[in-house]
Amino acid sequence: MRRALLAITGLAAGTTALVVLKGAPQDRQVAVDLPAGAPVGTPDRTDPTTPGATPQRTAATPRPTGRPDATAGRTPAARRSTPGGDAGTRRTPAADRTTGPAPKPTTRTVTGPVISTEFGNVQVRITVSGTRIVDAVALELPQGGQSDLRSDRVDAAYSGTTGDVVRQQGADLDTVSQATATSDGYRRSLQAALDRAR
């Protein structure tokens, strides 16, 4: 009787061990259907055929938020509407668009002081356009006798729109022959006028 009892107990233990090690057929199917990366030995919660499984939403499916995508519907900056103009147009100040001729330089006249010489007074007036001398006029020169001749020669050499003053653009002028005092007076009055014009 003891032998029979031991044999039945051993048979039952062997069958139990075989069932546990081998596993049920549906358990083998579940092990095959497990997704990659799922931990071994845990039931697949997404498989409705697995006992105790609860359906879950997969992470790959995006959940609709009920509002449009933040990037969808954005308009490029270049197409945005600007105040007082059409979309996509940029206003430039009117001063930037004008391509007319440059304004003419201001023309002014400057008078030098009266310079006293041994033969008489000398005074010069110049006309300046921008920074350039465009004309020179002797307002006063020594008169009488030989002074008239000397004054005429100085005036002819220095004054006018084509005289030495305009050509040299300054008071660095050669002395007129036989009219040293008058030439010197002219240059001094001219230099003073140039200083005032600056």
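In what follows, the structure referred to is the one given above.
Residues numbered from 1 in each chain as written. Predicted model: local features only at pLDDT ≥ 70, side-chain atom pairs only at ≥ 80, totals over all residues. Heavy atoms only, no water.

**So, the pattern of salt bridges**
Any two side chains of opposite charge can pair, given that their charged atoms come close. Here the structure, examined in full by the defined rule, presents two salt bridges. The residue Arg-198 makes a salt bridge to Asp-195 at a minimum N-O spacing of 3.2 Å. (Salt bridge = Lys/Arg side-chain N within 4 Å of Asp/Glu carboxyl O.)

**Remarks on the side chain of Gln-123**
Along the chain, the position of Gln-123 falls in strand 3 (residues 121-129). From its side chain, Gln-123 meets the backbone oxygen of Gly-112 in a polar contact 3.0 Å long. Excluding residues within four positions of it along the chain, Gln-123 makes contact with Thr-111, Gly-112, Pro-113, Val-114, Val-137, Ala-138, Leu-139, Glu-140 and Ser-189. (Helix = DSSP H or I, 4+ residues; strand = E, 2+ residues; numbered from the N terminus. Polar contact = N/O pair within 3.5 Å; in protein donor to acceptor, adjacent residues only side chain to side chain. Contact = heavy atoms within 4.5 Å.)

**Re the packing of helix 4 (residues 146-158) against helix 6 (residues 180-197)**
Packed helices, taken two at a time, are described by the angle their axes make and the gap between the axes. Where helix 4 meets helix 6, the closest approach of the two axes is 9 Å, and the angle between their N-to-C directions is 45 degrees. Taken together, the axes of helix 4 and helix 6 lie oblique to each other. Of the two possible hands of crossing, helix 4 and helix 6 adopt the one that is right-handed. Together, Ser-151, Val-154 and Tyr-158 of helix 4 and Thr-182, Ser-183, Tyr-186 and Arg-187 of helix 6 make up the contact between the two elements. Here the residues of the contact of helix 4 with helix 6 sort into three nonpolar, three polar and one charged. (Axes fitted to C-alpha atoms, helices over the stretch in contact; angles between N-to-C directions. Parallel < 35°, antiparallel > 145°, perpendicular 65-115°, else oblique. Left-handed = near helix turned anticlockwise from the far one by under 90°. Nonpolar A, V, L, I, M, F, W, Y, C, P; charged D, E, K, R; others polar.)

**Focus on the nonpolar core**
Ile-126, Tyr-158, Val-165, Tyr-186 and Leu-190 are the most contacted members of the largest nonpolar core, which totals 22 residues. Every element with two or more residues in this core is listed here: strand 3, strand 4 (132-140), helix 4, helix 5 (164-168) and helix 6. The dominant element in this core, judged by the number of residues it contributes, is helix 6, at five residues. Residues contacting Tyr-158, with those up to four places away along its chain left out, are Ala-136, Gly-163, Asp-164, Val-165, Leu-173, Asp-174, Thr-175, Val-176, Ser-183, Tyr-186 and Arg-187. (Core = buried A, V, L, I, M, F, W, Y, C linked by side-chain atoms within 4.5 Å. Buried < 20%, exposed > 50% of the residue type's maximum accessible area, 1.4 Å probe, protein only.)

**As for the packing of aromatic side chains**
One pass over the full model with this rule turns up one aromatic pair. Ring geometry for Tyr-158 versus Tyr-186: centroids 4.9 Å apart, planes at 55 degrees, classification tilted. Within this pair, whereas Tyr-158 is found in helix 4, its partner Tyr-186 is found in helix 6, the two being separated by 28 residues in sequence. The exposure classification of Tyr-158 matches that of Tyr-186, with both residues buried. Across from the ring centre of Phe-119, 4.4 Å away, lies the NZ or CZ of Arg-150, which sits over that ring. (Phe/Tyr/Trp six-rings, centres within 6.5 Å; stacked < 30°, edge-to-face > 60°. Lys NZ or Arg CZ within 6 Å of the ring centre and 35° of its normal.)

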